[in-house]
Amino acid sequence: MPRQVINDLIAFLAVARERSFTRAAAKLGVSQSALSHTIRGLETRLGLRLLTRTTRSVSPTEAGERLLQTVGPRFEEIEAELEALSELREKPAGTIRITATDHSADTILWPRLAKFLPEYPDIKVEITIDYGFTDIVAQRYDAGVRSGEQVAKDMIAVRIGPDMRMAVVGAPSYFAKRSPPKKPQDLTDHNCINLRLATHGGLYAWEFQKGDRELKVRVEGQLVFNNTFQMLNAALDGYGLAYVPEDVAQPHLAKGRLKRVLEDWCPPYSGYHLYYPSRRQSSPAFTLLVDALRYRS
């Protein structure tokens, strides 16, 4: 339907309901002369008179009444639906999709969501575990979680966790058979537990830094996982060395179940950030979630 026809029908419905060109013109924000011209144009195209005009009143003709009764409710339904959508925009509701690593989901997202979700029962959160660098726009995610260094420059990044460190760890039973590595290059002589990156299809190269010197070491071993906690469990069982977040290993280090090596090659780095497109239109639900996840030191 041409836009002009819709505009003409809206004008007619306003006059027919108000029974006044003056009130209808004020409601529509147009002049009385412009409104009268619109109605005459509609009547000419239809070949029917829709309104009876006198000096004191305006009333629909038989054709006008029929149009009012048939078309009017349709426009009322449209107006009601638009109003409902407006209310939905203001109401904290809807589904928010996030891609994150298992570690960030367990240590950051879930503890905060456990407090947040009971307050907003109409908000749903879907979390997909993924170590790849997912294109959140193409894959229709609302946001992603990665360390600060991994967030693209064209994204808005909100810190949701403190700085982190990685740790190379192995069980005492493993070191009973092998000498601990003294430098990252020594890892090539060890049975290391690898991490598979889903997006790239390759194995993660362990990253190290001491002062201005940075190294990436591609390690070898019998086991490959795509999950931090599986890597940790394999290390606990003595199957090799694992490269995992320090906070995951710490409880086991404290109890002597794991031994740490190359600690001086694992400096702190920027912690987890929630990131999302800068052009994203934030809903009330998303705004509330971002604030709930925001890191406050």
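Scroll up for the structure.
Overview of the structure. (Residues numbered from 1 in each chain as written. Predicted model: local features only at pLDDT ≥ 70, side-chain atom pairs only at ≥ 80, totals over all residues. Heavy atoms only, no water.)

### What about the packing of aromatic side chains?
Here is the rule: When the centres of two rings from Phe, Tyr and Trp lie within 6.5 Å, Trp using its six-membered ring, the rings pair. Their planes under 30 degrees apart give stacked, over 60 give edge-to-face, and anything left gives tilted. Runs of E in the DSSP output that reach at least two residues are strands. Runs of H or I that reach at least four are helices, and both are numbered from the N terminus. Three exposure classes are used, based on accessible area relative to the maximum for each residue type with a 1.4 Å probe and protein chains only: buried under 20%, partly exposed in between, and exposed over 50%. Working rule: Lys NZ or Arg CZ, within 6 Å of ring centre, within 35 degrees of ring normal, means a charge sits over the ring.
The full count for this structure, using the stated rule, is six aromatic pairs. On the basis of an interplanar angle of 25 degrees and a centroid distance of 6.1 Å, the ring pair of Tyr204 and Tyr243 is categorised as stacked. Residue Tyr204 is found in the loop between strand E8 (194-195) and strand E9 (206-210), and its partner Tyr243 is found in strand E12 (residues 242-245); the two are separated by 39 residues along the sequence. When its relative accessible area of 7% is taken as the criterion, Tyr243 is described as buried. The rings of Tyr204, Trp206, Phe208 and Tyr243 are connected pair by pair, giving a single aromatic cluster. Sitting over the face of the ring of Tyr141, Arg97 holds its NZ or CZ atom 4.2 Å from the ring centroid.

### What to know about a nonpolar patch on the surface
To keep things clear, this is the line we draw: Each patch is built from salt-bridge-free residues with over 30% relative accessible area, joining like charges within 9 Å and nonpolar side chains (Val, Leu, Ile, Met, Phe, Trp, Tyr) within 5 Å. Using a 1.4 Å probe, the Shrake-Rupley method yields the accessible areas, and only the shown protein chains count as cover for residues. Here a salt bridge means any side-chain nitrogen of Lys or Arg lying within 4 Å of a carboxyl oxygen belonging to Asp or Glu.
On the surface, Ile10, Leu28 and Val30 cluster together to form a nonpolar patch covering roughly 200 Å² of accessible area. Position of Val30 among the secondary structure elements: in the loop between helix H2 (21-28) and helix H3 (32-46).

### A word on the sheet that holds strand E4 (residues 123-129)
Whenever strands of a sheet pair, they do so through backbone hydrogen bonds, lying parallel or antiparallel. Condition: Strands qualify as paired when DSSP identifies two bridges or more between them. In this analysis, axes come from line fits to C-alpha atoms, helices being fitted only over the stretch in contact, and the angle between any two N-to-C directions falls in the range 0 to 180 degrees.
The strand order across the open sheet built from five strands is E4-E3-E5-E14-E6, with neighbouring strands paired in mixed fashion. The open sheet terminates on both sides in strands that have one partner only, identified here as E4 and strand E6 (155-159). For this sheet, the mean angle separating the axes of adjacent strands, direction not counted, is 30 degrees. Pairing geometry for strand E3 (residues 94-100) and strand E5 (residues 143-147), over two bridges, is parallel. Across the sheet, the residue bridging to Thr99 is Gly144, located in E5.

Purely spatial values, then, with no claim about function.
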